Amino acid sequence: MLRYVSLLALLLTSTVEAFSAVAPGTTPSIIVGGGRIGSLLKEIGTDEDVIVKRGEPIPSEPSSGPIYVCTRNDVLVDVVAATPE
């Protein structure tokens, strides 16, 4: 259990650092997943960020900027398949 908690803390730290590196507040993004991590990214992001919840299609706008995937690993294939090119 400690191993997974440490991995989650490392992942969270890396995600927040990566998000901060693109100057939050200036770059609109798509956030897939409305759980704890997705909500955190939305909170520190811009008003133009789009959050996509389970079963919703991934929008084509904003057309540039990052797509943050904050889901369980068992749905990653579906998220990638649903992402517009």
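Residues numbered from 1 in each chain as written. Predicted model: local features only at pLDDT ≥ 70, side-chain atom pairs only at ≥ 80, totals over all residues. Heavy atoms only, no water.

Asks: Describe the nonpolar core, and please don't skip the residues or the numbers.
Replies: Ile 30, Val 32, Val 52, Ile 58 and Val 79 together form the largest nonpolar core, which totals five residues. Sequence-distant contacts of Val 79, that is, excluding residues within four places in its chain, are made with Val 32, Ile 58, Val 69 and Thr 71. (Core = buried A, V, L, I, M, F, W, Y, C linked by side-chain atoms within 4.5 Å. Buried < 20%, exposed > 50% of the residue type's maximum accessible area, 1.4 Å probe, protein only. Contact = heavy atoms within 4.5 Å.)

Asks: An account of the pattern of salt bridges is needed here, citing residue identities and associated values.
Replies: Inspection of the entire model under this criterion finds one salt bridge. Of the charged contacts in the structure, one is a salt bridge between Arg 72 and Asp 74, with a shortest N-O distance of 3.1 Å. Residue Arg 72 shares its accessibility class with Asp 74, and that shared class is exposed. (Salt bridge = Lys/Arg side-chain N within 4 Å of Asp/Glu carboxyl O.)

Asks: Account for the confidence of the model for the chain, naming residues and giving values.
Replies: Summary statistics for the chain give a mean pLDDT of 77 and a share of 71% for residues scoring 70 or more. Considering only residues more than four positions removed or in separate chains, one finds that residues 1-5, a stretch of pLDDT under 50, has zero contacts. (pLDDT = per-residue confidence, 0-100.)

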